[in-house]
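Secondary and tertiary structure notes
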Amino acid sequence: MTNTTSVPAVDIHGVSRIFAARKGPGVTALDDVSLTVAPGEFVSLIGPSGCGKSTLLRLVADLDVPTSGSIEVFGKPARQARIDQDYGIVFQQAGLLPWRTVAGNIELPLELHGVGKAARRRRAAELITLVGLSDFASHYPDQLSGGMQQRVAIARSLAESPSLLLMDEPFGALDEMTRERMQNELVRICAETQAAVVFVTHSIPEAVFLSNRVVVMSPRPGRIRSIVSVGLGDVSGRGEGLRENEGFFHSLSEVRDLLHGDDAAGASENQAGARGVETR
Ligand SMILES: Nc1ncnc2c1ncn2[C@@H]1O[C@H](COP(=O)(O)OP(=O)(O)O)[C@@H](O)[C@H]1O
Ligand SMILES: [Mg+2]
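Quick notes on the rules
- Residues numbered from 1 in each chain as written.
- Chains lettered and ligands numbered in written order.
- Predicted model: local features only at pLDDT ≥ 70, side-chain atom pairs only at ≥ 80, totals over all residues.
- Helix = DSSP H or I, 4+ residues; strand = E, 2+ residues; numbered from the N terminus.
- Buried ≥ 20, exposed ≤ 12 C-beta atoms within 10 Å, placed from the backbone.
- Contact = placed C-beta atoms within 7 Å.
- Pairing = 2+ DSSP bridges.
- Right-handed = clockwise from strand over helix to strand, strands pointing away.
- Axes fitted to C-alpha atoms, helices over the stretch in contact; angles between N-to-C directions.
- Parallel < 35°, antiparallel > 145°, perpendicular 65-115°, else oblique.
- Left-handed = near helix turned anticlockwise from the far one by under 90°.
- Nonpolar A, V, L, I, M, F, W, Y, C, P; charged D, E, K, R; others polar.
- Near = placed C-beta within 6 Å.
- Domains from an automatic or database assignment.
- pLDDT = per-residue confidence, 0-100.
- Expected span 1.5 Å × (residues − 1).
- Arc of directions from axis to C-beta.

**Regarding the overall build of the chain**
A count of helical and extended segments in the chain gives ten helices and ten strands. Taken along its principal axes, the extent of the C-alpha atoms in the chain is 60 × 40 × 40 Å. Looking at the chain as a whole, 39% of its 280 residues are labelled buried. Within the chain, residue pairs in contact and separated by at least 24 positions form 70% of the contacts whose partners lie at least 6 positions apart.

**Examining the pairing of strand E8 (residues 196-201)**
With six of its six residues buried, E8 lies for the most part within the structure. Taking every second residue as pointing to the same face, both faces of E8 are buried, with Ala196, Val198 and Val200 on one and Val197, Phe199 and Thr201 on the other. In this sheet, E8 lies alongside strand E7 (residues 164-168) in parallel orientation, the contact comprising five bridges. Paired with aspartate 168 across the strands is valine 200, a residue of E8. Following the chain from E7 across helix H6 (residues 176-193) to the adjacent parallel E8, one finds a crossover that is right-handed.

**Focus on the packing of helix H3 (residues 102-112) against helix H4 (residues 117-130)**
Interhelical geometry of H3 versus H4 gives an angle of 125° and a closest axis separation of 9 Å. The orientation of H3 with respect to H4, classified from their angle, is oblique. Regarding H3 and H4, the two cross each other, and that crossing is right-handed. Across from Val102, Ala103, Ile106, Glu107, Leu110 and Glu111 in H3, the residues of H4 making contact are Arg120, Arg123, Ala124, Leu127 and Ile128. Across the contact of H3 with H4, the residue classes break down as seven nonpolar, no polar and four charged.

**Thoughts on the environment of glycine 24**
Looking at the element boundaries, glycine 24 is found in the loop between strand E1 (10-19) and strand E2 (27-37). Note on glycine 24: 7 C-beta atoms within 10 Å, which makes it exposed. Along the sequence, glycine 24 and serine 211 sit 187 residues apart, while their C-alpha atoms lie 39 Å from each other.

**Things to note about the site of ligand 1**
Around ligand 1, the neighbouring residues are Phe19, Val27, Ala29, Gly47, Ser49, Gly50, Cys51, Gly52, Lys53, Ser54 and Thr55. Of the residues contributing to the shell around ligand 1, the split by class is four nonpolar, six polar and one charged.

**Considerations on the sheet that holds E2**
In space, the four strands of this open sheet follow the order E2-E1-E4-E5, with antiparallel pairing throughout. Both outer strands of the open sheet, E2 and strand E5 (76-77), are each paired with one neighbouring strand and no more.

**Focus on the packing of H3 against helix H5 (residues 146-157)**
The contact between H3 and H5 brings their axes to 8 Å, and the two run at 30°. As summarised for this structure, H3 and H5 are arranged roughly parallel, according to the angle between their axes. Seen from above, H3 lies across H5 with right-handed handedness. Between H3 and H5, the contacting residues are Val102, Asn105, Ile106, Leu108 and Pro109 on the first element and Val152, Ala155 and Arg156 on the second. Class assignment of the residues belonging to the contact of H3 with H5 gives a composition of six nonpolar, one polar and one charged.

**Here we look at the domain arrangement of the chain**
In terms of domains, the chain is made up of domain 1 (4-86 + 169-274) and domain 2 (96-161). Computed from C-alpha coordinates alone, the two centres of domain 1 and domain 2 are separated by 26 Å. Residue-level contacts link twelve residues of domain 1 with nine residues of domain 2. Split by residue class, the side of domain 1 that touches domain 2 holds six nonpolar, three polar and three charged.

**Observations regarding the confidence of the model for the chain**
Taken as a whole, the chain shows an average pLDDT of 89; of its residues, 91% reach a score of 70 or greater. Taken as a whole, residues 264-275 scores under 50 in pLDDT and shows 15 contacts with residues more than four places along the chain or in a different chain.

**Concerning helix H8 (residues 246-259)**
Given a rise of 1.5 Å per residue, 14 residues ought to cover 20 Å, and the 20 Å separating the end C-alpha atoms of H8 matches this to within 8%. The complete set of buried residues in H8 reads Ser251, Leu252, Val255, Leu258 and Leu259. The buried residues of H8 occupy one face: seen down the axis, they fall within an arc of 135°. Exposed side chains of H8 directed beyond 90 degrees from the buried face belong to Glu246 and Ser253.

Below, the structure is given as structure tokens:
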């Protein structure tokens, strides 16, 4: 048997994605991107709007296929990992079924994969506790706040105990206070589940607070400009106090400077792109 500790959670090798246009050369969304994510590691992708963050996440999830290059998830082709349900996925919109309760929504993936009723109930109850919604198991989505709905989406993505979570701006639609609370929660959840995370965000503080490494991408064509290792210790040990920490501010400015590297060149298109990123 292979030693699973040495197999990366995600291995992206020389990946490009070109979207064909009806006329002309098409859009190069990603150009020669390579990135390895270790098991249990938290990696954020940050960059201006349209730089290919969602495209990259979709490729890892096998919701799209690269034009060239390869992607492996736990040593398997992305397609196989999807079939094996090796990852959970969370988008900006919770995407809950309005006619199902909180518990019913969390049970859905288990139901689709033939898990028996009693086991489903048990697992849903566990996850509801994990995401702090114990009093809301039989509520319906429209009775919940945006933050609570996102908790349900996170619980649902964890239903099958994936070793990898793919998150595309999961807190992007939440107000700032809820967002910080959700970040604190996510740190705790990741410590409990030991899952690796690939996390797409527009927010520099969010990326730094959550990540072992922050991948800074450049606009069109999407490439990795730089990777910042956040030297703030184990992600699982991070708490509210970290946001006032000097090392935190140091990493913020490091990421910010890398993101705004374009502006020095004075290209107006790049400046417009950089505005898509929250620097505060
Ligand atoms: N299905 C698609 N067809 C054509 N172009 C696409 C498609 N998906 C994304 N793109 C283009 O690829 C680029 C990257 O998009 P995306 O990955 O959504 O960026 P981000 O998530 O960083 O904002 C953009 O220029 C976008 O218009
Ligand atoms: Mg996106």
